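# Reading the structure
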Amino acid sequence: MRTQTLRRRMLAPLGAIAVAMIALTGCQAAQSGDAGSAGDKDTVSYALPVGTGPNWILPLSAPDKMATHNSAIKATLWPRLFEYNGQSGDMGWDKKGSAAESYEFSEDGKSITITLGDLDWSDGKPVTSRDVEFWFNLVKANAEKTGGYSKGNIPDNVTSFTTVNDKTFTLTMDKVYNQDYFVGNQLSLVYPMPQHVWDKTSDDGEIGDFDRDPAGAVKVFDYLFSQAEDMKTYATNPLWKTVSGPYTVKSWSDSGLVELTANKKYTGADKAQIENVRFLPFTSADAEMNVVRSGEVDYGYISASQLTNDKQFTDLGYGVEQWAGWSITYMPYNFAGPHKNLFSQLYVRQALQHSIDQETISDAIWHGAATPDYGPIPQTVPSDQLSDAQAKNPYPFDLKKAAQLFTDHGWKKNSDGVLECAAPGEGADQCGAGIAAGDLAEFVITTQNGSQETDNTMAEIQSSLAKVGVKVTVDAKPLDTVLTQAQECKTGEGTKCTWDLVFFGTAGSWYFSPYATGERLFAKDTKWNAGQYYNAEAESLIQEMMFSSDSETSKKYSELLAKDLPVMWMPNPVYQVSVVRKGLEIGTQDPGGNFMPQRWSWK
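Residues numbered from 1 in each chain as written. Predicted model: local features only at pLDDT ≥ 70, side-chain atom pairs only at ≥ 80, totals over all residues. Heavy atoms only, no water.

### A look at the packing of aromatic side chains
Considering all chains together, one arrives at 37 aromatic pairs under this definition. Summarising the aromatic geometry, the rings of Tyr46 and Tyr299 are spaced 4.9 Å apart at their centres and angled 85 degrees between planes, so their arrangement reads as edge-to-face. Here Tyr46 is found in strand S2 (residues 43-47), whereas its partner Tyr299 is found in strand S12 (residues 299-302), with 253 residues between them in sequence. Residues Tyr46 and Tyr299 agree in their burial class; the two are buried. With 5.5 Å between their ring centres and 70 degrees between their planes, Phe343 and Phe443 make a pair best called edge-to-face. Separated by 100 residues along the polypeptide, Phe343 in helix H9 (residues 340-343) and Phe443 in strand S19 (residues 442-448) bring together distant segments of the chain. For Phe343, a relative accessible area of 0% puts it in the buried group. A relative accessible area of 3% places Phe443 in the buried class. Members of the aromatic cluster, joined through ring pairs, are Tyr330, Tyr333, Phe335, Phe343, Phe443, Phe504, Phe522, Trp528, Tyr533 and Trp569. (Phe/Tyr/Trp six-rings, centres within 6.5 Å; stacked < 30°, edge-to-face > 60°. Helix = DSSP H or I, 4+ residues; strand = E, 2+ residues; numbered from the N terminus. Buried < 20%, exposed > 50% of the residue type's maximum accessible area, 1.4 Å probe, protein only.)

### Thoughts on the pattern of salt bridges
Inspection of the entire model under this criterion finds 23 salt bridges. A salt bridge links Lys250 to Glu259, with the nearest nitrogen and oxygen atoms 3.8 Å apart. Assessed through its relative accessible area of 46%, Lys250 is described here as partly exposed. Each of Arg130, Glu133, Asp199, Asp209, Asp211 and Arg212 takes part in salt bridges that share partners, so that together they form one network. (Salt bridge = Lys/Arg side-chain N within 4 Å of Asp/Glu carboxyl O.)

### With respect to the pairing of strand S11 (residues 276-280)
Sheet faces and side chains relate simply in a regular strand, where the side chains alternate between the two faces. Counting buried residues along S11, five of its five residues qualify, which places the element largely inside the surrounding structure. Side chains Asn276, Arg278 and Leu280 project from S11 onto one buried face, and the interleaved Val277 and Phe279 project onto a second face that is buried too. In this sheet, S11 lies alongside S2 in parallel orientation, the contact comprising five bridges. Bridging across to S11, Ala47 finds its partner in Leu280. Pairing between strand S10 (residues 258-262) and S11: four bridges, direction antiparallel. Of the residues in S11, the one forming a bridge with Thr261 is Asn276. (Pairing = 2+ DSSP bridges.)

### Here we look at the sheet that holds strand S7 (residues 158-165)
Taken in spatial order, the four strands line up as S5-S6-S8-S7 in an open sheet, and their pairing is antiparallel. In this open sheet, the two edge strands, each paired with only one partner strand, are strand S5 (100-105) and S7. The sheet shows a mean angle of 20 degrees between the axes of neighbouring strands, direction not considered. Here helix H3 (residues 129-141) sits on the sheet in contact with strand S6 (111-116), S7 and strand S8 (168-173), set at roughly 160 degrees to S7. Contacting S5, S6, S7 and S8, helix H4 (residues 179-186) crosses the sheet at an angle of about 150 degrees to S5. (Axes fitted to C-alpha atoms, helices over the stretch in contact; angles between N-to-C directions. Contact = heavy atoms within 4.5 Å.)

Here is the structure:
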């Protein structure tokens, strides 16, 4: 079978990890006169998402360290085995940015042989098959600790790793998979890692083949994780000096100020066009825009509200461009938390969804920089995965219908105007299993802070639900805190599983790989099924999508989850409204949220 190159329409841009986000910003460095390089042809200053800076360097991520900017920076240091993005205008395999040079499936479809390109590590040693095996061995022995892991998928579905030679290896799978899915959604998660430097269990330990023994692989993994937790040493730790990508770390502060510099020993085809890239953290959107106005940021962003007055930025020599994404936005319900009995009732989730005025929020609050989102398949680009049921919105904004769903099931408003259960029980006209007489329709939304648009969205939702009789408290926290809290129910720390709904979608909640499948979001045992949703039919469709390219399966999945509401579907914002200095060429902004600074250039 000939080697495939996987070109796709831009209906499925990559978001290799998954979870992408923007928040708020106030850059300490910029405010102290150290913002870098406006107009400096050797440097670009890039504004990071508000409220969080890059905080993880190891290609193997913890579940709460999967922010898109972490993934994008790591890929400049250690290119993925298969890089997927939409920077060319079409979604597909970006061979130039990948460690793999070619691949070929066997005739029976149960194995794939991959050949690596001519990449070298910065210490002069070649990137080899052993470096890919190292990744597989570590993840296989530590899957439950690894962000993005979904039980039964990579690396579980690879039954053997066979080295053909230093540059070629063969993976044998447990089943015959949809080939596009396996390469685009599975192998794009793999990073060749420097086994000859990292395969040890302590700072002074000898390099060995520890990863080839499961117990040894656990020790190596734990050692690397312990090193990755110390951000202040990212620029000095010898571990992180050995890279294969176009950049290396020049400086990295624990506040999130990061500077990359061109890797002088890079041997690939994706050489850096600009020598230095500075990533600037902020603590508020206003602070970031002030730095843009002062001319100290080359590539930044503005809030959606500024779209009504973008001339102030174009007059300063910036171009303004919305960065749309192949993403969905939502708030998970906690089906294991204090209000699990309330959220387990489909009629409750239906009533809550009817209370979300997505069109008004998108237009009036986001000024067109967000679009309504009714299900698990992105809706901003035409897709043969999207069902008519999702596209037409099963639960349009209707407060009367929302209120009626509660009253039809035995709820009445108390003297405070809050619904309480007056008919406990499991009958058709009763509140439902586990809901006692006098229980209130109230809960807390824990949301990321730092975005006026998100603040206004939450206020609108709170107001709408109050009219129905549902009391909502909004608790705004830094994004990193929200992400950590969202994972508490999945880490075995059940006593901390106290949240009701969480929102981390100011820049979109989840960015997809080429196929918008749900194995990393809504499958029972996946890490980012934060609310522990389970539906046997959904589980079956998720599995089927991994083996078949039949779009009808995707449409069934789209319809089911649009109707069953595993989460509260929310308006889907663009990744950001970018402002780019005149003369800086950035190419197409990748719908997967990936930025590839090595391809930026000054003209």
